[in-house]
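Residues per chain, in single letters:
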Amino acid sequence: MRHRSHGRVLLTTAALVIASFWAARAQQAIPGQPSEAQAPQGRGRGRGPAAPSEPTPRLADGTVNFGRVPGEKGIWNVPYITNMGMRVVDDSGQSLAPQPAGRGARGAAAGGGRAGGAPLGGGEGTAGNGGRGGAKSEPWVPFQPWAAAVYDYNSVNQSKYDPEGYCLPPGGPRMMATPYPAEIIQLPEQKRVLMIFEGATHIWREIFMDGRPHPTGDALNPTYLGHSVGHYEGDALVVDVVGFNEATWLDYFGHPHTDQMHVVERFTRPNKNTLHYETLVDDPGAYTKPFRMAWDIPWRPNADLTEYICQENNKYLQRLTDDFDQPLFGPPKK
Amino acid sequence: MKTKLALGTVALGLLLASMPVMAHHSFAAEFDSTKPIKLTGSVTKIEWMNPHAYFYIDVKDEKTGQVANWGMEMGSPNGLMRQGWTRNSMKIGDVVIVEGSAAKDGSNIGNARSVTLSTGTRLFAASSQAPANP
């Protein structure tokens, strides 16, 4: 628990030093170094149109099959979306963020960052180390002031305290933005859907499809992944999630959220090779209004999930130092 | 084995265009992408472990003759296997060439982007560095 209390101290300290920190960074900004919002055009790679895809597979009862066709392999090649601020869309699906060249007219929708079958990849404008503009570079994200300050802090320290770096699981939409493959397994006879994730500490999600409501009051225990109930709306799998704890970030860039977060996800499979993911994030604890995000996740045929375990030998923790150059774990430096 | 090596070389071009990322921790908090390193050394230790495999090489300074031991971070074993690695691709005593980024703190630690094995095969190291393009 030592590191948790340490974290609180850091956050408190951060609130005090953030303004000067940020001002200093602004002064040091290198002319010509593009921020994410001003990323140069034409750097896109591997974003060409995917090969023609087969039609959407369906289960025996006609429901869209979000997983494998019997007899075939295949996994969802979850993209690396480091900044979900770049995937915010309006109600019609149009991107609110300026999009780099090569990302199609559907904006965020085209954005797994990979053509079909290409390997993992496609981070968001990190430009190596730099290009982190903080909250003011994302005016379309409805930050509350404290959330903007926390986001700025996470930007300045380059996500040093990202919970995923500590092998904690992502929560909410980040499950679909952490670059390890996943599978969706529908169990209609059991009225539930399982999602299994290779990454995110080798984790799984259960979505109850039996019509039950969310627990309320103290029966709703705050957890990393929250409580998911789902139903089909036509060809869409709609999942409603509440009950998140506050131990996760929305994304690698460090958009914060609170335990008031309510997520509504909409999964569609417009063709065999594409999972289209849309999500509404409604967190009145951190944002002034709900916002939508969307991206595509390509199918990777002829592949299986493999084992990935984060907690085995995480040297990041052993070498990480805090804002005062002291080790997060182990004895303090002399 | 020869076929595998040849295929690996052919695959290199494809891989260049679609560098995989196995994100676990903040690359930027630990490494400096503006400090590229290219080291040649003899492998002293291999940790084929999650969430990052590490290997250590003795690197000799040509001018001073001094030998420094460097630790290089790669991706997870499963990510490395998708790149063509096996746990026996590298053995203690092999002389390898590694390209990557140095640690920000100036220690003899680096993040490997690619490794040229003693066989001449170059494999990507499933680096955790996020791609530059959005």
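The residue numbering used here restarts from 1 in each chain and proceeds along that chain's sequence as written. Chains carry letters and ligands carry numbers; both start at the beginning, A for chains and 1 for ligands, and go up in the order they are written. Given that this is a predicted model, residues contribute local features only at a pLDDT of at least 70 and side-chain atom pairs are listed and counted only at 80 or more, while totals for whole chains, interfaces and linings are drawn from all residues.

(A) Seen up close, unusual backbone geometry. Cis geometry is found at the peptide bond from Asn50 of chain B to Pro51 of chain B, where omega equals -5 degrees. The secondary structure listing takes helices from DSSP runs of H or I that are at least 4 residues long and strands from runs of E that are at least 2 residues long, numbered from the N terminus. Looking at the secondary structure, you find Pro51 of chain B in the loop between β1 (31-47) and β2 (54-60). For Gln158 of chain A, which is not a glycine, the phi torsion comes out positive at approximately 55 degrees. Counting through the fold element by element, Gln158 of chain A comes out in the loop between α2 (145-156) and β3 (182-187). Phi is positive for Ala126 of chain B, close to 50 degrees, though the residue is something other than glycine. For Ala126 of chain B, the location among the structural elements is in the segment after β6 (122-124).

(B) Layout of the confidence of the model for chain A. Residues and elements named next belong to chain A. You can read pLDDT as the predictor saying how much it trusts each residue, on a scale of 0 to 100. Of the residues in chain A, 75% have a pLDDT of 70 or more, and the chain-wide mean is 80. Across residues 1-48, where pLDDT falls below 50, the model places 60 contacts with residues more than four positions away in sequence or in other chains. With C-beta atoms placed from the backbone, a contact is any residue pair whose C-beta atoms sit within 7 Å. Confidence drops under a pLDDT of 50 for residues 104-130, and excluding neighbours within four residues, the segment shows 100 contacts in the predicted structure.

(C) Spotlight on the environment of Gln83 of chain B. Residues and elements named next belong to chain B. Looking at the element boundaries, Gln83 is found in the loop between α3 (77-82) and β4 (95-103). Exposure classes come from backbone-placed C-beta atoms, where a residue is buried if 20 or more other C-beta atoms lie within 10 Å of its own, exposed if 12 or fewer do, and partly exposed in between. For Gln83, a count of 22 C-beta atoms within 10 Å translates into the label buried. Through-space distance from the C-alpha of Gln83 to that of Ala126 is 7.2 Å; in sequence the pair is 43 residues apart.

(D) How the structure looks around the pairing of strand β5 (residues 204-208) of chain A. All names here are of chain A. By the bridge criterion, five bridges tie strand β4 (residues 192-197) to β5 in an arrangement that is antiparallel. From the neighbouring strand, Ile196 faces β5, where its bridge partner is Trp204. Note: β5 against strand β6 (residues 227-233), two bridges, orientation parallel. Looking at the pairing, Ile207 lines up with Ser228 of β6. Pairing between two strands is assigned when DSSP locates at least 2 bridges connecting them.

(E) The arrangement of α2 of chain A in detail. All names here are of chain A. Residue count minus one, scaled by 1.5 Å, sets the expected span of a helix. Taking 1.5 Å per residue as the helical rise, α2 with its 12 residues ought to reach 16 Å, and the 16 Å between its terminal C-alpha atoms agrees with that figure. A large share of α2 lies buried, amounting to 10 of its 12 residues. Three or more residues of α2 are buried, namely Ala147, Ala148, Ala149, Val150, Tyr151, Asp152, Tyr153, Asn154, Ser155 and Val156. After α2 finishes, the residue Gln158 shows a positive phi value of roughly 55 degrees.

(F) Inspection of the pairing of β4 of chain B at higher detail. Residue and element names in this part refer to chain B. Here β1 runs beside β4; their pairing, made up of nine bridges, is antiparallel. Residue pairing across strands places Gly41 opposite Val96, the latter belonging to β4. Linking two consecutive strands that pair antiparallel, namely β4 and strand β5 (residues 109-116), is a turn of five residues; a positive phi of about 80 degrees is found at Gly106 within it.

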